[in-house]
Amino acid sequence: MENILRKKIAEAVKVLYNGAIDEAQIQIQETRKEFTGDFTFVVFPLMRFSKNTPEKTADDIGKYLTANLSEIEGYNVIKGFLNISIGGKWWTDLFSAFYNSEDLFADCRVKNPEVILVEYSSPNTNKPLHLGHIRNNLLGFSIFRILESCGHKVIKTNIVNDRGIHICKSKLAWVKFGNGETPETSGMKGDHLVGKYYVMFETAYKAEVENLLKKGYDDETARLSAPMMVEAREMLVKWEAGDEEVVRIWKMMNSWVYEGFEETYRLLGVDFDKIYYESETWKDGKEQVLKALEKNILFRKEDGSVWADLTGEGLDQKVLLRSDGTAVYITQDIGTAIARQNDYHFSKCLYVVGNEQNYHFQVLKAILKKMGYEWSDGLIHFSYGMVELPEGRMKSREGTVVDADDIIREMIATARELSAELGKLEAIPDEDKDEIFRKIGLGALKYFILKVDPKKNMTFNPAESIDFNGNTGPFIQYTYARIKSVMRKARSLGIEGDSSLLGSAIPCAKEVGLIKLLRKFAAVVTEASETLNPSLIANYCYDLAREFNQYYHDYSILGEKDPVTRNFRLLLSGKTSVVLYTAMWLLGIEMPERM
RNA sequence: GGUCCCAUAGUUCAAUGGAUAGAACGGCGGUUUCCUAAACCGUAAAUCCAGGUUCGAUUCCUGGUGGGACUACCA
């Protein structure tokens, strides 16, 4: 319809003012709720043709359109805005077509599908996942579903940061203080147990540094020469040399962590097609660095460390190999990127990584480019904002983190408590209830995170926790469950929907409102895929659910006497539930059939 | 010091350069013989400051103020 209007308006400009205007530049938008009309044309840009007031211009165009387009029922003009009303028949026909189309994503499909890798999660194997990781995982998984639904071939990958100095820290603390403790003997989840030793390292190390500072060492020397850090570095060198004992401990403790992560991923409902391990890619990276060094793309300093000079790119110099020959983080990222290109020949690789690493990815791209890899242009840093607490950033070392497993458990427990208060599910078997509470608890958590623009930092206040009322996941789930309940009741009454009757229904204003929202689905998904922004879909779900709840409140579906109208309401509600379900599916949020 | 990001009701979030800045939570006040009240309705409450571009600026540009991130032989 927008396109028809554009065409006709361009025609009107030609006929009325003898002017030529590019159809693409004609602004058609949905009429805002406060005004009557369905579509609004902003006439200001036309004034150079009409040489008249905005009001007169809008009126002229309105008259022309009404005379030349049968679908138009009327129009009104407010200032420079021409509000056009479309007849109800057009809307039911539109809904009828929408209802009968099987594939909701038909209009989202891209012409040229690409091979896209999405890297997300990227955990360190020295501590459990926290709320920040949850945001990462949810964004990554949702981006995957959105891009795939638009027709791309998407591969979910994960890079596990399982080596490096920080990994040695928890291992070292375990060797020193652990007395052979295991997940079995301690009863702790593996990732939490290892995390405990990481904290122990940091505590001991901090004490050593303070001690040295008191003795008059300067800050840098103190940090580098504290015994714990010296030992950790020695351990890393041993690890890189393949020292049997170090590797044994490393493997054992990492396996504990993986078991823990596996459980958290399962709870979150995310998974991966291919997992890369830093311990397997760092060597490639190191070789690549040495090769580039031979070609004088990189340079060696007197102490033996290897560097990239990026001052020509507006960046600094960046170390790639330490003076003791060990690899730093970016070395492995170079190796991983090359391995991925060889494995999948991707056109794009999305790195779902926090905005604190903006600089890192600039450097990574620049180095790969310097090394001659043209595909580095396809590396995209999907940079998202931090999850902050009211008092500021979460810091593992200071224990101010919201643990992923804890928050998930709490959300599910809250769902259970709220449900008990409402007392609607008493007749349902316990197993089914557990499943419902899991969906609701996680729905609340996931929606809370995904409704926020990924670029922005967001705040989580543990004291206030996450709502289950208002603009929330459970609100949308509830809307869905209500529709499903109506459907069940209709079936039990022997009422069947009949799409062939749709054509003769006359929609009320609320129904037109719903149809308008439903038809927007494809456009919203397309925009979300192009801007890599799941929050657009979350906000769409909310708008649609709210519109439906108002409708549901004001109109009876099954109580309607007129069979054509009742049928129309039933099918409209049914399609709304399908769209809600699908849109939430794109976010990785499950919908309960009842709640 | 340098680079980048952010600034909207008490709080958490919205708003392709368009109309009277939209929600939710919290506050206050209502709605249940009727398909699920995790709902619906009403009410008070906000664009950090100063310029500029524009018919029109929360949005774009410049400067300032305030907050954050990065700038490690950490990851």
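All figures in this text were calculated on a predicted structure; none of them were measured in a lab. (Residues numbered from 1 in each chain as written. Chains lettered and ligands numbered in written order. Predicted model: local features only at pLDDT ≥ 70, side-chain atom pairs only at ≥ 80, totals over all residues. Heavy atoms only, no water.)

Caption draft 1: Fine view of the domain arrangement of chain A. When cut into domains, chain A gives domain 1 (2–86), domain 2 (123–280 + 329–398) and domain 3 (440–586). Taking the mean C-alpha position of each, domain 1 and domain 2 sit 57 Å from one another. (Domains from an automatic or database assignment.)

Caption draft 2: Examining the protein's contact with RNA strand B more closely. Residues in contact with RNA strand B amount to 61 residues; listed here are only the nearest, Arg32, Asp303, Lys424, Tyr478 and Tyr555. Measuring from a base oxygen of RNA strand B, one finds a side-chain N or O atom of Gln27 at 2.9 Å. Backbone polar atom of Ile557 to a base nitrogen of RNA strand B: 2.8 Å apart, as the coordinates give it. Contributing elements (two or more residues each) for the surface near RNA strand B: β2 (39–42), β4 (81–86), α6 (165–177), α14 (358–370), α15 (404–422), β15 (458–459), α17 (473–492) and α20 (535–554). If you tally residues by element for the surface near RNA strand B, the top one is α17, at seven residues. (Near = heavy atom within 4 Å. Polar contact = N/O pair within 3.5 Å; in protein donor to acceptor, adjacent residues only side chain to side chain. Helix = DSSP H or I, 4+ residues; strand = E, 2+ residues; numbered from the N terminus.)

Caption draft 3: The arrangement of unusual backbone geometry in detail. In this structure, Lys51 takes a positive phi of about 50° despite not being glycine. Examined against the element boundaries, Lys51 turns out to sit in the loop between α2 (47–50) and α3 (54–68). Judged by relative accessible area, which is 69%, Lys51 ranks as exposed. At Leu532, a position not held by glycine, the phi torsion is positive, near 50°. Structurally, Leu532 can be placed in the loop between α19 (521–531) and α20. Residue Leu532 is classed as buried on the basis of its relative accessible area of 18%. (Buried < 20%, exposed > 50% of the residue type's maximum accessible area, 1.4 Å probe, protein only.)

Caption draft 4: How the structure looks around the pattern of salt bridges. For the structure on display, the rule yields 36 salt bridges. Taking the shortest distance from any N to any O, the salt bridge between Glu547 and Lys510 comes out at 3.6 Å. Within this pair, whereas Glu547 is found in helix α20, its partner Lys510 is found in helix α18 (residues 509–519), the two being separated by 37 residues in sequence. Like Glu547, the residue Lys510 is buried in the burial classification. (Salt bridge = Lys/Arg side-chain N within 4 Å of Asp/Glu carboxyl O.)

Caption draft 5: Structural context of the sheet that holds strand β10 (residues 317–321). Read across the sheet, three strands follow the order β8-β9-β10 without closing on themselves; strand pairing throughout is antiparallel. Either end of the sheet is taken by a strand with one partner, and the two such strands are β8 (299–300) and β10. Where strand β9 (residues 306–309) meets β10, four bridges bridge the pair, whose relative direction is antiparallel. When the bridges of β10 are listed, Val306 appears paired with Leu321. (Pairing = 2+ DSSP bridges.)

Caption draft 6: Focus on the sheet that holds strand β14 (residues 392–393). Read across the sheet, three strands follow the order β14-β13-β15 without closing on themselves; strand pairing throughout is mixed. The open sheet has two edge strands, β14 and β15, and neither has a second partner. As judged from the two bridges shared by strand β13 (residues 387–389) and β14, these two strands associate in the antiparallel manner. When the bridges of β14 are listed, Glu388 appears paired with Arg393.

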